[in-house]
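In case you want the letters, here they are:
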Amino acid sequence: MAQTNIISRERATYIAEEVTYGTLPMTSFPNTPTRVFPLGDGLILEGLAEEMLPVGDERVRRLDAIHPVHGLRIASKIGALKMLLKTTKAADQLDDGAALASLTPRIILRHALGSEAADEGDTISGTASTTTVVNVTDGTRFKKGTFILVEVNSEMEWAKITDISTNALTVAPALSAAPATAGKIVRNLYNYSPAETHAASLSVAQAFVNDSTAQVVAFGCYGDVSFDLPEYGKIPSMSLALTASAFTGPSAQMLTADSASDEMGPAFTWSPSVYLATSVARATRLVCEGATIDYANDWQMVRDPGATASNGQLTTVAAVVSTGGRPVAVKASIKLRFDSDYPTAFTQDTAYQMILVQKVGTGLTASFWIWELPIAQLVAQPKLTVIGDRLHMELMLEGIQDTAVTLGSPAETGTDLDFIKAPFRVAFG
């Protein structure tokens, strides 16, 4: 026995997007263990367990115990990977000529949603732009159904691309003014939407200071993402609740627990611009007292009797596939000031568009997070709730696929439809 005193919070946590299910990848981002800084003192991997299968055969003596059989390590519910939402550093923003940065939210959102659209940004061309048509020098850098930022009067304004004609980007809602001068910034964001075909898994690892043998790696992890967008002045976060199909350790795993710097910028307090309307207008915003958004994948195991993890352990799982979707993939709850129109809207099955925009900072390097339910349907009677001494309403919404983004001629197919028809979008940068 060689006992060690280990302070549990002095640890390093890593995540990686697996290339082969159940195998710890060791190539390059996002397919290599990448340091992540989760929130809280709880162990991410404390739920890992191996099944012990009871044996119920016949015995003469009532107290003649039977030793159970060691089973598999699949379906271990491990702790939620909870992350503070943070700003994107100016050096990692997708301006003209920028390269994609190795940002850990990309791994989480790629896994949870499936489709990522991210490319260098561009600049306004010499052709005159308007508040709804932005002319750039290279339209191939952009994608329908994604959010961009446009420089208007020395500030960055968000907009969604609803159509592309060569280098002309049609955007909505209308910008506050036309970007009049050639060379002004058009920044891409890291954009995410649910993928129609989605099979993905993660490896999650933890190493502790003072003892290199207290290291654990979970393979073939899969989960669902949720966003906790609190009252004004509090700090927003996102969580990825994970299940693992295999694990190894605690033992030496060649991981380090050295000090490291966060690749993201600082966290921020929640002070969003909230839009909920049948037709969103940039100047019309609502006061929000908190919101949550949950996206469910409904992962299903693809079984293979001979499948093994990278540590050689039999798992009988060759892959996990998301089967989520109908009847609903994304749900949102939002608390707004009392409005007698909401019960009527529920009765009449009114469809809204909901967009939450968090801008941090000012000027040309301001950082953004954006969430959109392009068609948000009220699915429950608006609930009266009290915040402080003021009456509010809590709305329950479900997302339906977008119909506002224009299909091309010939119409797009395959993965292009993931963003065009998305029922839910997330963007940051």
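Presented here is an overview of the structure given in this document. Keep in mind it's a predicted model, so treat the numbers as computed, not measured.

Quick notes on the pattern of salt bridges
Applying the stated criterion across every chain, the model contains 23 salt bridges. The partner of Glu120 in a salt bridge is Arg141, and the shortest N-O contact between them spans 3.4 Å. Of this pair, Glu120 sits in the loop between strand 7 (114-117) and strand 8 (122-123) while Arg141 sits in the loop between strand 9 (133-135) and strand 10 (147-152); the two residues are 21 residues apart in sequence, bridging distant segments of the chain. Judged by its relative accessible area of 18%, Arg141 falls in the buried class. Between Glu372 and Arg425 there is a salt bridge, with the nearest N and O atoms lying 2.7 Å from each other. Taken together, the residues Glu372 in strand 25 (residues 367-378) and Arg425 in strand 28 (residues 425-428) connect sequence positions 53 residues apart. Arg425 matches Glu372 in its accessibility class, with the two residues each being buried. One continuous salt-bridge network, built from bridges that share partners, spans Asp96, Glu120, Asp122, Asp138 and Arg141.

Quick notes on the layout of surface pockets
Approximately 550 Å³ is the volume attributed to the largest pocket. Forming the walls of the largest pocket are 23 residues, and the residues nearest its centre are Glu196, Gly324, Gly325, Gln401 and Pro423. Within the residue set of the lining of the largest pocket, elements represented by two or more residues are strand 27 (390-400) and helix 3 (416-420). When its residues are assigned to classes, the lining of the largest pocket shows ten nonpolar, nine polar and four charged. For the second largest pocket, the calculated volume is near 230 Å³. Surrounding the second largest pocket, 17 residues form its lining, Lys160, Thr278, Gln353, Pro374 and Ala404 being those nearest its centre. Only strand 11 (155-165), strand 24 (351-360) and strand 25 provide two or more residues apiece to the lining of the second largest pocket. A total of four residues in the lining of the second largest pocket trace back to one element, the largest contributor, which is strand 24.

Regarding the sheet that holds strand 10
The sheet built from six strands is open, its strands ordered 8-13-10-11-12-9 with antiparallel pairing. Lying at the two open borders of the sheet, with one neighbouring strand each, are strand 8 and strand 9. Of the strand pairs in this sheet, strand 10 and strand 11 are connected by six bridges, and their pairing is antiparallel. From the neighbouring strand, Val152 faces strand 11, where its bridge partner is Glu155.

What about the environment of Gly306?
Within the fold, Gly306 resides in the loop between strand 21 (299-303) and strand 22 (317-322). Under the relative-accessibility criterion, Gly306 is labelled exposed at 53%. In the structure, Gly306 is positioned ten residues away from Thr316 in sequence and 5.9 Å away in space, judged by C-alpha atoms.

A look at the nonpolar core
In globular proteins that are soluble, nonpolar side chains generally tend to be buried together. Residues Phe227, Ile293, Ile334, Met354, Trp371 and Phe424 are the most contacted members of the largest nonpolar core, which totals 62 residues. Per-element tally for this core: the top contributor is strand 16 (residues 215-229), with six residues. Counting 14 residues, the second-largest nonpolar core is a separate cluster that includes Phe147, Leu149, Val357 and Ala427.

Considering a nonpolar patch on the surface
On the surface, Phe338, Leu384, Val386 and Leu391 cluster together into a nonpolar patch covering about 390 Å² of accessible area. Here Phe338 is to be found in the loop between strand 23 (330-337) and helix 2 (341-347).

Rules used throughout
Once a new chain begins, its residue numbering starts again from 1 and follows that chain's sequence as written. Note on the predicted model: pLDDT of at least 70 is required for a residue's local features to be given, and 80 or more for side-chain atom pairs to be given and counted; whole-chain, interface and lining totals, by contrast, use all residues. Only heavy atoms go into the side-chain values, all of them from the structure, while hydrogens and water stay out. For this document, the term salt bridge refers to a Lys or Arg side-chain nitrogen within 4 Å of an Asp or Glu carboxyl oxygen. Helical segments are the DSSP runs of H or I of at least four residues, strand segments are the runs of E of at least two, and each set is numbered from the N terminus. Throughout this description, buried means an accessible area under 20% of the type-specific maximum (1.4 Å probe, protein chains only), exposed means over 50%, and partly exposed covers the range between. A pocket here means an open set of points on a 1 Å grid, computed over the protein atoms alone, that has protein on both sides within 12 Å along at least five of seven lines. A cavity is instead a set of points where a 1.4 Å probe fits but cannot get out; residues with an atom within 4 Å of a point line either one. Grid points are joined across faces, edges and corners, and a volume is the space filled by probe spheres set on the points. Side-chain classes are defined by residue name, with Ala, Val, Leu, Ile, Met, Phe, Trp, Tyr, Cys and Pro counting as nonpolar, Asp, Glu, Lys and Arg as charged, and the others, Gly among them, as polar. Any two strands with at least two DSSP-identified bridges between them are counted as paired. Grouping buried Ala, Val, Leu, Ile, Met, Phe, Trp, Tyr and Cys residues that are joined through side-chain atoms within 4.5 Å yields what is termed a nonpolar core. Nonpolar side chains (Val, Leu, Ile, Met, Phe, Trp, Tyr) are joined into patches within 5 Å and like charges within 9 Å, using only residues with over 30% relative accessible area and no salt bridge. To measure how exposed things are, a 1.4 Å probe is used in the Shrake-Rupley method; for residues, cover is taken only from the protein chains shown.

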